[in-house]
Amino acid sequence: MAETGNTKLLIKHVDISSLASVRAFAKEIVATEPVIDVLIHNAGVAQGFNNKVTSDGLEFTMATNYYGPFLLTHLLIDLLKRSDQGRIVIVSSKLYQFASLNPANLNSINPVNYFSLFPIHLYNLSKFAEIMFTQELARRLRGTKVTANCLHPGVIDTGIWRNVPFPISILFKPIQMCFRTPEEGARTSIYLSVSPDVEQISGQYFRGCRVHQLNRRVQHVARQHDLWEASKKLVKLTADDPQI
């Protein structure tokens, strides 16, 4: 508000890793807002060597980065369809390339018993899921005025790095000084949110405000569909919830 003079900025709290919190937040938005033009999913956490499990029985990193946004998109989709040109923007990462996901294996999409010597793996897995979600979402939104795209913002110096475990954190600090600023990292998200150049583009992955080629593994259509159906069960979508 101080920087822009915009006094119409409303700040609301949601714990995106909690299904109950997501539902409460969505209920308030639906009750107070007539339309949504842009929905940006920018939640991002990265755990250390061990994972955590939420009260909903979901692995914490996947719940925050993927399952919460998946549920919220469903609950707000009707407001997006009321827009003249609704846009859903999902902030993913090029680190998806170092993950793979098999929806037929529950531990693959909800790894509650996961342990690895590579603490970033759960983050990579969540970003892989986000891209699969984006492309399946775009297919399901064909024929509507809503588009869905995802992006890699670059390596940004934000609070997401606060959980880098010791002693890796000591070596990490000098590297962190070379990262992009949050303002630089926001450019592609803003581009996908407002640029007329992408009005008719959906289901794509962007880097540096340009469409970028994806790995074939993440574009597996049958697995994207299977992940969608499995995700509906894990977030406990009901027949009374908005459907996509």
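Calculation notes
Residues numbered from 1 in each chain as written. Predicted model: local features only at pLDDT ≥ 70, side-chain atom pairs only at ≥ 80, totals over all residues. Heavy atoms only, no water. Helix = DSSP H or I, 4+ residues; strand = E, 2+ residues; numbered from the N terminus. Buried < 20%, exposed > 50% of the residue type's maximum accessible area, 1.4 Å probe, protein only. Contact = heavy atoms within 4.5 Å. Core = buried A, V, L, I, M, F, W, Y, C linked by side-chain atoms within 4.5 Å. Salt bridge = Lys/Arg side-chain N within 4 Å of Asp/Glu carboxyl O. Pairing = 2+ DSSP bridges. Axes fitted to C-alpha atoms, helices over the stretch in contact; angles between N-to-C directions. Parallel < 35°, antiparallel > 145°, perpendicular 65-115°, else oblique. Left-handed = near helix turned anticlockwise from the far one by under 90°. Patch = residues over 30% accessible without salt bridge, like charges linked within 9 Å, V, L, I, M, F, W, Y side chains within 5 Å. Areas by Shrake-Rupley, 256 points an atom, 1.4 Å probe, with all protein chains shown as cover. 1 Å grid on protein atoms, 1.4 Å probe; cavity = no way out; pocket = protein on both sides within 12 Å on 5 of 7 lines; lining within 4 Å. Points joined across faces, edges and corners; volume = space filled by probe spheres on them. Nonpolar A, V, L, I, M, F, W, Y, C, P; charged D, E, K, R; others polar.

**Q** Would you take a moment to explain the overall build of the protein for this structure?
**A** What the protein contains, in helices and strands, is eight helices and five strands. Along the protein, from the amino end to the carboxyl end, the secondary structure elements read α-β-α-β-α-α-β-α-α-α-β-β-α. Across the 244 residues that make up the protein, the buried fraction comes to 47%. Put simply, 78% of the contacts in the protein that link residues at least 6 apart link residues at least 24 apart.

**Q** What is the right way to read the nonpolar core from this model?
**A** General note: in soluble globular proteins, nonpolar side chains tend to be found buried as a group. Counting 48 residues, the largest nonpolar core has Y66, Y67, I88, L101 and L137 as its most contacted members. Contributions of two or more residues to this core are made by α1 (19-32), α2 (60-81), β2 (86-91), α4 (121-140), β3 (146-152) and α8 (221-234). In terms of residue count, α2 provides more of this core than any other element does, 12 residues in total. Ignoring anything within four residues of it in the chain, the contact list for Y67 reads L58, M62, I109, N110, S231, L234 and V235. L151, Y191, L192 and V198 belong to the second largest nonpolar core, which has seven residues in total.

**Q** Please clarify how the pattern of salt bridges should be interpreted in this entry.
**A** Oppositely charged side chains may form a pair once their charged atoms are brought near each other. Evaluation of the coordinates by the stated rule reveals seven salt bridges. Between E130 and K127 there is a salt bridge whose closest N-O contact spans 3.2 Å. Of this pair, E130 and K127 both sit in helix α4, three residues apart, which is roughly one turn of that helix. K127 matches E130 in its accessibility class, with the two residues each being buried. Here R140 ties to E229 by a salt bridge, and the two come within 3.2 Å at their closest N and O atoms. Taken together, the residues R140 in helix α4 and E229 in helix α8 connect sequence positions 89 residues apart.

**Q** What's the story with the pairing of β2 in this structure? I'm lost.
**A** Sheet faces and side chains relate simply in a regular strand, where the side chains alternate between the two faces. Most of β2 sits out of view: six of its six residues are buried. On β2, burial covers both faces: G86, I88 and I90 on one face and R87, V89 and V91 on the other are all buried. Bridge count between strand β1 (residues 38-41) and β2: four bridges; the pairing is parallel. Across the sheet, L39 pairs through a bridge with I88, a residue of β2. Here β2 runs beside β3; their pairing, made up of six bridges, is parallel.

**Q** What is the right way to read the sheet that holds β3 from this model?
**A** As a general point, the strands of a sheet are linked pairwise by backbone hydrogen bonds and lie either parallel or antiparallel. Within the open sheet, the five strands sit side by side as β1-β2-β3-β4-β5. Their pairing is mixed. Edge positions in the sheet fall to β1 and β5 (210-211), since each has one partner strand and no second. Helix α7 (residues 187-194) contacts β1, β2, β3 and β4 (205-207) of the sheet and is inclined by roughly 165° relative to β2.

**Q** Looking at this model, I keep getting lost on the packing of α2 against α4. Mind explaining?
**A** Axis separation between α2 and α4 bottoms out at 7 Å; the angle between their running directions is 20°. On the basis of their axis angle, the class for α2 and α4 is roughly parallel. When the axes of α2 and α4 are compared, the crossing they make is right-handed. On the side of α2, the interface is formed by T61, M62, N65, Y66, F70 and T73, while α4 contributes L122, Y123, L125, S126, K127, A129, E130, F133 and L137.

**Q** Even after reading the chapter, I still don't get the environment of L106, so can you show me in this structure?
**A** Here L106 is to be found in helix α3 (residues 106-109). Along the chain, L106 and L234 lie 128 residues apart, while their C-alpha atoms are 9.9 Å from each other. Sequence-distant contacts of L106, defined by excluding residues within four places in its chain, comprise P111 and L234.

**Q** Quick question: what am I supposed to make of the pairing of β3 here?
**A** Burial of β3 is extensive: seven of the seven residues sit out of reach of the surface. Alternating positions in β3 separate into two faces, V146, A148, C150 and H152 on one and T147, N149 and L151 on the other, with burial throughout.

**Q** Help me understand unusual backbone geometry in this model?
**A** As a rule of thumb, non-glycine residues mostly have phi less than zero, and peptide bonds are mostly trans rather than cis. At C209, a position not held by glycine, the phi torsion is positive, near 65°. Note that C209 resides in the loop between β4 and β5.

**Q** Would you mind going over a nonpolar patch on the surface with me for this structure?
**A** A cluster of nonpolar side chains, M1, L9 and I11, forms an exposed patch at the surface whose accessible area comes to about 340 Å². In this structure, L9 sits in the segment before α1.

**Q** What's the story with the layout of surface pockets in this structure? I'm lost.
**A** Rolled over the atoms, a probe sized like a water molecule indicates the empty space that remains. In this structure, the largest pocket encloses a volume near 1,000 Å³. Around the largest pocket, the lining comprises 29 residues; the ones closest to its centre are L10, F25, V38, L39 and I40. For the lining of the largest pocket, the elements supplying multiple residues, two or more each, are α1, β1, α2 and β2. Here the lining of the largest pocket is built from residues that sort into 18 nonpolar, five polar and six charged.

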